[in-house]
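Tertiary structure, described
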Amino acid sequence: MTLARAGYVARFDSAGVSLTLSRDGEALVSLEGDDLVLGTTTSVSPTASYDPWLLLAEPTNPTIPEHTMRPAVAARVLEEEATRFAVELTHKGGQKSRLDVSAEADGRFRASIVPLEPAGVVYLGVGARVSEDEAFYGLGEHFDDVNQRGKLRAMQLEAASLESGYNEAHVPVPLLIGTRGWGIFLETSRAGVFDVASAEPTRVRALFGLGEQAAEGLTFHLFGAAHPLDITKLYYDVTGYPRLPAPWALGPLVWRDENDDQAQVEADLDTIRALDLATTGVWVDRPYATGVQTFDFEAARFPEPAAMIDKAHALGFRFGLWQAPYLDEKDPSTAALRAQAAEGGYWPLQSGLNLNGWGRIIDLTNPSAKAWWQQGLGGYVALGVEGFKLDYAEDVVPDIIGARNVFLFADGSDERTMHRGYTLAYHATYAELLPEEGGLLLCRAGKWGSQVHGPIIWPGDLDARMWKHGDLVTEDGETFRAVGGLHASMIAGLTLGPSGFPFYGADTGGYRHAPPDAETFRRWFEQTALSSAMQIGTSTNDVAWELGDQALLDSYRIYTRLHLRLFPYLWSLARDIASSGRPLQRPFGLQLPELGVHPSDQYFLGDALLVAPVTEPGATSRTVVFPPGTWIGYWDGARVEGPTTVVVDAPLGKLPLYLKAGTPLPLLRDTIDTLSPTTAEPDLVDSFAERVGPLWLRLAAGPDAEISLYDGTRVGQVTAAGSVTVRITAGDVFREGSVVEVFGWGDAAPSSVVVGGASAPSLASLEALRDASAGWYFDAGAAGGSLYVIVPSGQTEVTFGR
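Values in this document were obtained by computation on a predicted structure and should not be read as measured data.

With that settled, the discussion passes to the overall build of the chain. Broken down by element type, the chain carries 13 helices and 46 strands. Against the compact-globule benchmark of 28 Å for 802 residues, the chain has a radius of gyration of 28 Å, which places it among compact chains. Taking the principal axes of the C-alpha coordinates as reference, the chain spans close to 85 × 70 × 50 Å. Put simply, the chain has 802 residues, and 62% of those count as buried. Long-range pairs, those at least 24 residues apart, make up 68% of the contacts in the chain between residues at least 6 apart in sequence. Accessible area for the chain stands at about 26,900 Å²; split by element, carbon and sulfur atoms hold 50% of it. A distance of 5 Å separates the average location of the 61 positive side-chain charges in the chain from that of its 101 negative side-chain charges.

Shown next as structure tokens:
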């Protein structure tokens, strides 16, 4: 039986009991009878969790329930139509199930396996036969490697030997992407585990525990695309497209773990502007309220919160607050709210183990409880709070040593699905309070589908060190396995993007074992400047201006401004998600699977920027794999012809960063301070919201290329013998002209600069160019020779002659 859509074919062979997905006649992946599994037991226990993690991770663990895995051994056709078919599978032992497959769209097929005799069935499994040399991406946020081959991945929090005590699976996503251009998504909220070719190099397996609910079956989707980066779009077609955060939420954002008081917050706002440190927003972390969660500001420390927030807005900052869905049950200040919660029934009907220091979570499945909680938050919103950092709320874990961790919620759900569902309810409660144009939701946890609420994921409490995930470390007399620091953080962002969470911002500098040393802090902000979102803060309240290190502060100023200047590029990539599905930060091996290399420590930001952060302590150089084409060193204009592998210099302060030759990189002006509105004078706060200003375009001569920006602006570059021409068509936002910067030009000034058909005048300095309405300036000592030219509003073309 065959289902075909635009070159993609799902074919079921009844005789061989196999389902194969192919593209243009090439088989991408095959699901055989051994991959379609029912797990049965002689007695289903209502108290057992049937969490399948231990079945694969520790198969001899005595807490595993008695069970037998039964693969499909025979099949017969039940129904066949043009767009769907159904098959009855017979499993080893005689149990039967029904397999339904339908063609939903080009490259997208939906399938489900449902036991026909569910009594005794407690596990359902789906697997696939894969190429031995194929790499795998997705499965959510992970910290050890971007390539999932050889890994066991739990789809929920599990105990682990890390210093945190658990596996750090804050954002598990049951979406696996193969580099041959296929994917599989298991559409379930049940506890699960993936074996990604760890037991057998040509087999991946996914197993989920359904316990008493096995009759609901297991739905999965097979995806096929011309490029593996395009699989995520098919996933979004099923689960929903990401809501975009507010532009300002991409940062830079600054916070302290504990603010002394309102005076300190306001002093920080003044200092950031006085020191010319590009920053779009701040948030106040815990503690600031009288108690957790009293929906107020502690009067002694924050006597005039409205004035504090107004000052932030006046200086061009957006403002956010830390949050968690609890009422501290030991704090007298929450007594009145706890009485209301008890009277209204705002806690779960039954609560399991509380993994926090305050008490029971609020039952956000209860419409009355949600409305009551939002009413409390409304006071903050009325003061001008535009974003929230959503912490904790991961108490609902499905398993405690083989037994259920029972939670019962008002909507009838329990922990067996609410380990995912509570995260969605938590995010939705706050997302509904954000401004229509977007705000900030900075979230520790995420589950499939919650991307529709617009979260920026932060990875929880990473080490303020350059340790790798799982390193065995001894510090202060204690030996432990590290959660990981900078290297782990970078991997987390790269694994999240293809998994459906395109926005990521780590605590720059780390959290555990803070403070970071100067090298760690500097290497960290070098990397987060080239990420989708940049936020800076540690558990020891480290802010760049209080560290007594002028070199660090100067470098911090460069990299925070670089991140903000990249806004036109980053926001264009963000807006493109709706049409392409591609993440902003892209793993090297997923972007270029044909090269067969899958480094975890270098990546692409969009298509134009190759980023290779330094994550080894003490390193002043590193090896970079360059793809085909010409790549230009961002800081020195040096040209590298790929494909090649080169050891490059990377002293502290110099992030190895390369721009694809020929591709224009759109930037904001080099004095920009914020995207947010301000009432301050322009010489104190240079605001994009107050003045768009000219679009800066940085490029190096190379193959012809064209880019489109989020506002409709189009920029093309054409290199011919003896000249470079840049053509600009203005969009709806960038209508105040452009400054074109060609770097890596060489030692000699151009022989001619023609703008709109007329020769442009030469200027004496870059400062003179900033104040001029027309002209060009050449600096032989900057980035391999840099040529700057003003393209006034209304003009569309500039040509540089050699």
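Now, onward.
Moving on, we come to helix α8 (residues 486–496). Since the α-helix packs 3.6 residues into each turn, any two residues three or four apart lie on the same face. Counting buried positions along α8 yields eleven of eleven residues, so the element is predominantly enclosed. L486, H487, A488, S489, M490, I491, A492, G493, L494, T495 and L496 are the residues of α8 that are buried. If you follow the buried residues of α8, they end up packed against β11 (136–140), β25 (456–457), α9 (518–528), β30 (585–587) and β31 (603–605).

Contact geometry for helix α6 (residues 367–383) and helix α7 (residues 415–431): axes closest at 10 Å, N-to-C directions at 45°. Judged by the inter-axis angle, α6 sits oblique to α7. Crossing of α6 over α7 shows right-handed handedness. The segment α6 lies against α7, with K370, W373, Q374 and L377 engaging A428, T429 and Y430. For the contact of α6 with α7, the per-class residue count stands at four nonpolar, two polar and one charged.

Take the pairing of strand β44 (residues 776–779) next. Pairing of β44 with strand β45 (residues 786–791), which is carried by four bridges, proceeds in the antiparallel orientation. Counted as the bridge partner of Y777 is Y788 from β45. Remark: six residues form the turn of the hairpin made by β44 and β45, two consecutive strands paired antiparallel; A783 in that turn has positive phi of roughly 50°.

This next bit is on the pattern of salt bridges. The full count for this structure, using the stated rule, is 50 salt bridges. Residue D35 is joined to R129 by a salt bridge in which the shortest nitrogen-to-oxygen separation is 3.2 Å. Of this pair, D35 sits in the loop between β4 (26–32) and β5 (36–40) while R129 sits in strand β10 (residues 121–129), and the two are 94 residues apart along the sequence. A residue is classified by how much of its surface remains accessible, and D35, at 2% relative accessible area, is buried. With a closest N to O distance of 2.6 Å, D673 and R561 form a salt bridge.

The next subject is the layout of surface pockets. Unfilled space is identified by rolling a water-sized probe across the atoms. Put simply, the largest pocket is a space of about 1,100 Å³. Taken together, 46 residues make up the lining of the largest pocket; nearest its centre are E158, A159, A160, Y166 and N167. When residues of the lining of the largest pocket are traced back to their parent elements, those giving at least two are α1 (53–57), β12 (151–154) and β22 (399–400). Here the element with the most residues in the lining of the largest pocket is β12; it accounts for four residues. In terms of residue class, the lining of the largest pocket is made up of 21 nonpolar, ten polar and 15 charged.

Counting 179 residues, the largest nonpolar core has L530, V740 and F800 as the members making the most contacts within it. When residues no more than four places from it in sequence are discounted, the contact partners of F800 are G722, S723, V724, V726, V740, V742, W745, S752, V753, L787 and V789.

Here N366 shows up in the loop between α5 (335–344) and α6. Sequence-distant contacts of N366, defined by excluding residues within four places in its chain, comprise G344, G345, Y346 and A410.

This part is about the packing of helix α3 (residues 262–274) against helix α4 (residues 305–314). Viewed as axis vectors pointing N to C, α3 and α4 meet at an angle of 10°, and their least axial separation amounts to 10 Å. Put simply, α3 runs roughly parallel to α4. Contact residues: Q262, V265, E266, L269 and D270 in α3; P305, A307, M308, K311 and A312 in α4. Residue composition of the contact of α3 with α4, grouped by class: six nonpolar, one polar and three charged.

What follows deals with the packing of aromatic side chains. Going through the model one piece at a time under the given rule, you end up with 42 aromatic pairs. Look at F194 and F208: their rings are 6.2 Å apart centre to centre, the planes differ by 90°, and that puts the pair in the edge-to-face class. Of this pair, F194 sits in strand β15 (residues 191–196) while F208 sits in strand β16 (residues 203–209); the two residues are 14 residues apart in sequence, bridging distant segments of the chain. Assigned by exposure class, F194 and F208 land together as buried. Consider the rings of F388 and Y430, whose centres lie 5.1 Å apart with planes at 70°: the pair is edge-to-face.

Turning next to the sheet that holds strand β24 (residues 440–443). Pairing within the open sheet is parallel, and its eight strands lie in the order β25-β24-β21-β20-β19-β18-β29-β28. Strand pairing shows two members of the sheet lacking a second neighbour, β25 and β28 (507–508), which therefore form its edges. As paired strands, strand β18 (residues 253–254) and strand β29 (residues 535–536) are joined by two bridges and run parallel to one another. Residue pairing in the sheet places V254 in a bridge with I536 of β29.

Read from one edge to the other, the open sheet built from six strands follows the order β30-β31-β32-β35-β33-β34, with strand pairing classed as antiparallel. Because the sheet does not close on itself, it has two edges, and the strands there are β30 and β34 (639–649). Direction aside, neighbouring strands of the sheet carry axes that sit 25° apart on average. Relative to strand β32 (residues 609–611), β31 is paired through three bridges, and the arrangement is antiparallel. Looking at the pairing, F604 lines up with L610 of β32.

When the terminal C-alpha atoms of α7 are compared, their 23 Å separation across 17 residues agrees well with the 24 Å that a helix rising 1.5 Å per residue should span. Approximately 40° is the largest bend angle found in α7, and it occurs at G421. Across the 17 residues of α7, 16 count as buried, placing the element largely inside the fold.

Turning next to the side chain of R522. Counting through the fold element by element, R522 comes out in helix α9. Of the side chains with opposite charge, E526 comes closest to the buried, unpaired R522, at an N-O distance of 5.1 Å. Excluding anything up to four places from it in sequence, R522 contacts A551, L552, S555, L652 and G653.

If a residue is not glycine, its phi is most likely negative; likewise, a peptide bond is most likely trans. Here the residue pair G251 and P252 is connected by a cis peptide bond, since its omega of 10° sits within 30 degrees of zero. Examined against the element boundaries, P252 turns out to sit in the loop between α2 (231–239) and β18. At the junction of A514 and P515, the peptide bond is cis and its omega measures out at 10° in the coordinates. Residue placement: P515 occurs in the loop between β28 and α9.

The next point concerns the pairing of strand β6 (residues 68–80). The sheet contact formed by β5 and β6 spans four bridges and is antiparallel. Among the inter-strand pairings, L38 is bridged to a residue of β6, identified as R70. Pairing between β6 and strand β7 (residues 84–91): seven bridges, direction antiparallel. When the bridges of β7 are listed, V77 appears paired with V87. Between β6 and the antiparallel strand that follows it, β7, lie three residues.

So, about a nonpolar patch on the surface. Together, L353, L355, I400 and I401 make up a nonpolar patch on the protein surface, roughly 370 Å² of accessible area in all. Along the polypeptide, L355 turns up in the loop between α5 and α6. Assessed through its relative accessible area of 39%, L355 is described here as partly exposed.

Definitions and cut-offs
The numbers attached to residues start from 1 for each chain and follow its sequence in the written order. For this predicted model, a pLDDT threshold of at least 70 governs which residues receive local features, and a threshold of 80 or more governs which side-chain atom pairs are given and counted, while totals over whole chains, interfaces and linings are taken from all residues. Water and hydrogen atoms play no part in the side-chain values, which are based on all heavy atoms of the structure. Here a strand is any run of E in DSSP of at least two residues, a helix any run of H or I of at least four, and the numbering for each starts at the N terminus. For the radius of gyration, the atoms used are the C-alpha atoms, and the globule rule reads 2.2 Å times the number of residues raised to 0.38. Here the term buried applies to any residue with accessible area under 20% of the maximum for its type, exposed to any over 50%, and partly exposed to those in between, with areas from a 1.4 Å probe on protein chains only. Any pair of residues with heavy atoms lying within 4.5 Å of one another is described as a contacting pair. Each accessible area is a Shrake-Rupley result for a 1.4 Å probe, and residues are judged covered by the shown protein chains and nothing else. In summary, the charge assignment counts Lys and Arg as positive and Asp and Glu as negative, without counting His or the chain termini. Where a charge lies is defined by one atom per residue type, namely NZ (Lys), CZ (Arg), CG (Asp) and CD (Glu). To get an axis, fit a line to the C-alpha atoms, keeping to the stretch in contact for a helix; angles then go from 0 to 180 degrees between the N-to-C directions. The labels follow the angle: roughly parallel below 35 degrees, roughly antiparallel above 145, roughly perpendicular from 65 to 115, and oblique for the rest. Handedness of a crossing follows from how the near helix is turned relative to the far one, being left-handed for an anticlockwise turn of less than a right angle and right-handed for a clockwise one. Classification convention: Asp, Glu, Lys, Arg as charged; Ala, Val, Leu, Ile, Met, Phe, Trp, Tyr, Cys, Pro as nonpolar; all other residues, Gly among them, as polar. The criterion for strand pairing is that DSSP finds at least two bridges linking the strands in question. Each salt bridge in this description consists of a side-chain nitrogen of Lys or Arg and a carboxyl oxygen of Asp or Glu lying within 4 Å of one another. Definitions used throughout: a 1 Å grid over protein atoms alone; a cavity as a set of points that fits a 1.4 Å probe which cannot get out; a pocket as an open set with protein on both sides within 12 Å along at least five of seven lines; a lining residue as one with an atom within 4 Å of a point. Grid points are joined across faces, edges and corners, and a volume is the space filled by probe spheres set on the points. Here, the term nonpolar core denotes a set of buried Ala, Val, Leu, Ile, Met, Phe, Trp, Tyr and Cys residues that are joined through side-chain atoms within 4.5 Å. Classification of ring pairs rests on two measures: the distance between centres of Phe, Tyr or Trp rings, Trp counted by its six-membered ring, which must be within 6.5 Å, and the angle between planes, read as stacked under 30 degrees, edge-to-face over 60 and tilted in between. Expected span, for any helix, means 1.5 Å times one less than how many residues it has. A residue's bend is the angle separating two fitted axes: one through the seven residues that end there, the other through the seven that start there. Patches draw on residues past 30% relative accessible area with no salt bridge. Two like charges within 9 Å are joined, as are two nonpolar side chains (Val, Leu, Ile, Met, Phe, Trp, Tyr) within 5 Å.

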